[in-house]
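As a plain string of letters, each chain reads:
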Amino acid sequence: MGLLSTLLGIIGFGIGIPFGLVVGFFLFIYSKPKPVKEPITRPLYELDSSALLDLLPDIPLWVKCPDYERVDWLNKFVTDMWPYLDKAVCARIRSVTEPIFAEYIGKFQIEAIEFDNLSLGTIPPEIHGLKVSESNENELVLEPAIRWAGNPNIVLVLKLLFFRITVQLVDLQMFMAPRITLKPLVPTLPCFATVVVSLLDKPEVDFGMNLLGGDIMAIPGLYQFIQKTIKRQVASLYLWPQTLEIPILDPATVAVRKPVGILHVKVVRAQKLLKKDILGTSDPYVKLNLTGDGLPEKKTTIKKRNLNPEWNEEFKLIVKDPQSQVLQLQVFDWDKVGTHDRLGMQFVPLKLLTPYETKEFKLDLLKHTNVNIDPQDKKQRGKIVVELTYAPFREDSIKLDGPHDGYGRKESGLDRPSDSEVFGGAGLLSVLVQGAEDVEGERHSNPYAVVLFRGEKKKTKMSLLFYIKERNTKWCFQRIKRTHDPIWNEEFQFMLEKPPLNEKIHIEVMSKRSRISFRSKERLGNVDINLTDVVHNGRINQKYHLINSRNGVIHVEIRWTTV
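Computed from a predicted structure; not experimentally measured. (Residues numbered from 1 in each chain as written. Predicted model: local features only at pLDDT ≥ 70, side-chain atom pairs only at ≥ 80, totals over all residues. Heavy atoms only, no water.)

So, the overall build of the protein
Summing up its helical and strand segments, the protein has nine helices and 29 strands in all. Looking at the protein as a whole, 36% of its 563 residues are labelled buried. A fraction of 69% describes how many contacts in the protein between residues 6 or more apart in sequence connect residues 24 or more apart. A total of about 34700 Å² of accessible surface is found on the protein, and carbon and sulfur atoms cover 57% of it. (Helix = DSSP H or I, 4+ residues; strand = E, 2+ residues; numbered from the N terminus. Buried < 20%, exposed > 50% of the residue type's maximum accessible area, 1.4 Å probe, protein only. Contact = heavy atoms within 4.5 Å. Areas by Shrake-Rupley, 256 points an atom, 1.4 Å probe, with all protein chains shown as cover.)

Dropping the structure here:
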């Protein structure tokens, strides 16, 4: 009996294997993807209590969380646009995947890889709530909750020798909570330069994959493995603090140039200057500035009655673009009465300098920088000798978020400079006074801000608000004399030899009456900001409550960049 059963088992095994291979071969070759059916929807009142309990996790966030807004209008917009978005997204997927598929043609006996059908279905994603977060930065932060239970029909065909393998993706369900940041906000449509996307949590993704007429996701263990793999890969790419940056505007049109270094200028001497005074001498001094910075010119001391003056005076200028900026030098003859006569001028492009290397220039003074203006004027105007050194800031101290030249993924920056680099060396302290809120004066409110640091005083312009008024079909501007929420957006720089550790900067909000009268100025509040955190972190951007003010708040951004 045992021998007979063993013999029958061997015969069955020998017949079953070829039969299974033949059946599997024909299923493998001639199986076709199943058509995608429309999902069945039922109203809530037809469901029983157990079904309703199962639906509780799918309730929109605007029902459960008060900080999420209901956005039915946006869902209506997506629904109406979905047929067109479907075609546009599918066309984009085809254009992106075609070169990727082409790399595998001819390898591993693969003859073709193509989409036999590509459709995202008729059901659009739904936004279950939108949260808008406030920030001190120049940006707008949106946090939508997106859920998509779609019916896509995506069929991929792989032609391998004489085999035709079809893979079908069906029943896609997805839930994600991205953070979408529009920054920086700029006065050019669409009013933001970059879209930065990151995921606040790992996305929930569920789908079916039909192969050989069956759902391979039903294989024990495979579903969990694919789920973990997808979450891990997506998280490694886009889970916060990793981001995906999508440029919207050309960076050149919206970029605000930030300081990138310091130019050390030593005005050494001048030789054989022109005689401008009646006694046959001149009283020379030098004005110097960088083109494109908009800052006041620096001046040397005046050397009385000297045609070969020696100054040996040093200055520091803030550099924003060493490739395009030019140092302008102008030598003037000082006069007690009337305008000062210019003895000559000269330019030095900063691109001629090598960082950290001191270079001496002996320059012939010219009447004009453009010799074509007066080609007959070949009068010798003397020479000027200067020593220039360009010291750029450390790269990690000026690295700012900005748009790229394409889609880019940004890694989280966790590297910190060493203490010796932070607490030693010269640098630039930049103070951006953005605005104030709820500043009230007893007599008037025409506010401006005053910044005091190390005995140096700088102040913003007076904040004046205007509104447009229609008068007899003509538009005119009328000034609002009083404002409690001024906006300045003015930046001031202080060049320092050492980091401002354990120092404070004093900012005071003042108000000034527009007409001449007694008690024309009024103090609206002040604040002292400790700069230790600025040196440690490189930057702070906060709102501070004003002292001696009922509800006043001032918004200040301070940066410390080191050479």
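Quick notes on the pairing of strand β22 (residues 456-459)
Where strand β21 (residues 447-453) meets β22, four bridges bridge the pair, whose relative direction is antiparallel. Within β22, the position partnered with Phe-453 by the bridge is Glu-456. Hairpin connection of β21 to β22: two residues between the antiparallel strands, including Arg-454 at a positive phi of 50°. (Pairing = 2+ DSSP bridges.)

Description of the nonpolar core
Membership of the largest hydrophobic core comes to 31 residues, with the highest contact counts inside it found for Leu-429, Phe-494, Ile-505, Ile-529, Ile-554 and Ile-558. Only β20 (427-437), β21, β25 (487-496), β26 (504-512), β27 (521-530), α9 (532-537), β28 (539-545) and β29 (553-562) provide two or more residues apiece to this core. Residue contributions to this core peak at five residues, all from β21. Contact partners of Ile-529, with chain neighbours within four places excluded, come to Glu-503, Lys-504, Ile-505, Ile-507, Ile-540, Tyr-544, Val-556 and Ile-558. Grouped together as the second largest cluster of nonpolar side chains are 28 residues, Leu-274, Trp-311, Phe-315 and Leu-329 included. (Core = buried A, V, L, I, M, F, W, Y, C linked by side-chain atoms within 4.5 Å.)

Brief notes about the side chain of Glu-490
Within the element layout of this structure, Glu-490 appears in strand β25. One buried charge, Glu-490, has no salt-bridge partner; the nearest side chain with opposite charge is Lys-461, at 5.8 Å. Among residues more than four places away in sequence, those in contact with Glu-490 are Val-431, Leu-432, Val-433, Lys-459, Thr-460 and Lys-461. (Lys, Arg positive; Asp, Glu negative; His and termini not counted. Salt bridge = Lys/Arg side-chain N within 4 Å of Asp/Glu carboxyl O.)

Focus on the pattern of salt bridges
Taken as a whole and judged by the stated rule, the model has 16 salt bridges. Between Glu-297 and Lys-287 there is a salt bridge; the shortest N-O distance is 3.7 Å. Here Glu-297, found in the loop between β12 (284-290) and β13 (298-299), pairs with Lys-287, found in strand β12; they are 10 residues apart in sequence, far enough to count as distant. Judged by its relative accessible area of 34%, Glu-297 is partly exposed.

Things to note about the sheet that holds strand β15 (residues 326-333)
One open sheet accounts for four strands, arranged β13-β12-β15-β16; its pairing is antiparallel. Either end of the sheet is taken by a strand with one partner, and the two such strands are β13 and β16 (341-349). For β15 and β16, the ladder comprises eight bridges, and the chain directions are antiparallel. Bridge pairing in β16 places Leu-327 opposite Val-348.

Side note on the sheet that holds β22
Taking strand neighbours across the sheet as the criterion, the four strands line up as β22-β21-β26-β27 in an open arrangement whose pairing is antiparallel. Only two strands of the sheet have a single neighbouring strand rather than two, namely β22 and β27. This sheet shows a mean twist of 20° between the axes of neighbouring strands, independent of strand direction. (Axes fitted to C-alpha atoms, helices over the stretch in contact; angles between N-to-C directions.)

Focus: the packing of aromatic side chains
In this structure the tally under the stated criterion is four aromatic pairs. When the ring of Phe-101 is compared with that of Phe-115, the centres are 5.8 Å apart and the planes differ by 50°; the resulting orientation is tilted. With Phe-101 in helix α4 (residues 72-102) and Phe-115 in strand β1 (residues 110-119), this pair connects stretches of sequence that are 14 residues apart. The two residues Phe-101 and Phe-115 agree in class, both being buried. Ring centres of Tyr-285 and Phe-332 lie 5.8 Å apart, and the angle between their planes is 20°; this geometry places the pair in the stacked category. You can see Tyr-285 sitting in strand β12 and its partner Phe-332 sitting in strand β15, a full 47 residues away along the chain. You'll find Tyr-285 and Phe-332 in the same group, each marked buried. Sitting over the ring of Phe-332, Lys-287 keeps its end group 5.0 Å from the ring centre. Directly above the ring of Phe-494 sits Lys-458, whose terminal nitrogen or CZ lies 4.5 Å from the centroid. (Phe/Tyr/Trp six-rings, centres within 6.5 Å; stacked < 30°, edge-to-face > 60°. Lys NZ or Arg CZ within 6 Å of the ring centre and 35° of its normal.)

So, α4
A rise of 1.5 Å per residue sets the reference length of α4, with its 31 residues, at 45 Å; its end C-alpha atoms lie 42 Å apart and thus fit the reference within 8%. Here α4 has its buried residues at Asn-75, Val-78, Trp-82, Asp-86, Cys-90, Thr-97 and Phe-101. Looking at the buried residues of α4, the elements they touch are β1, β2 (126-133), β3 (140-149) and β4 (153-160). (Expected span 1.5 Å × (residues − 1).)

Remarks on the layout of surface pockets
Any empty space left between the atoms is revealed when a probe the size of a water molecule rolls over them. Within this model, the second largest pocket holds a volume of roughly 1500 Å³. Lining the second largest pocket are 35 residues, with Ile-146, Met-174, Met-176, Pro-178 and Val-197 sitting closest to its centre. Counted by class, the lining of the second largest pocket contains 32 nonpolar, one polar and two charged residues. (1 Å grid on protein atoms, 1.4 Å probe; cavity = no way out; pocket = protein on both sides within 12 Å on 5 of 7 lines; lining within 4 Å. Points joined across faces, edges and corners; volume = space filled by probe spheres on them. Nonpolar A, V, L, I, M, F, W, Y, C, P; charged D, E, K, R; others polar.)

Brief notes about helix α5 (residues 222-238)
The end-to-end C-alpha distance of α5, which contains 17 residues, comes to 24 Å, matching closely the 24 Å that a straight helix rising 1.5 Å per residue would cover. Those residues of α5 that fall on the buried side of the exposure criterion are Ile-226, Gln-227 and Ala-235. One face of α5 carries all of its buried residues, which in axial projection span an arc of 155°. More than 90 degrees from the buried face of α5, the exposed residues found are Phe-225 and Lys-228. The secondary structure elements touched by the buried residues of α5 are β8 (204-211). (Arc of directions from axis to C-beta.)

Looking at the environment of Gly-441
Counting through the fold element by element, Gly-441 comes out in the loop between β20 and β21. The exposure class of Gly-441 is partly exposed, given its relative accessible area of 21%. Leaving out residues up to four positions away in the same chain, Gly-441 has contacts with Glu-522 and Leu-524.

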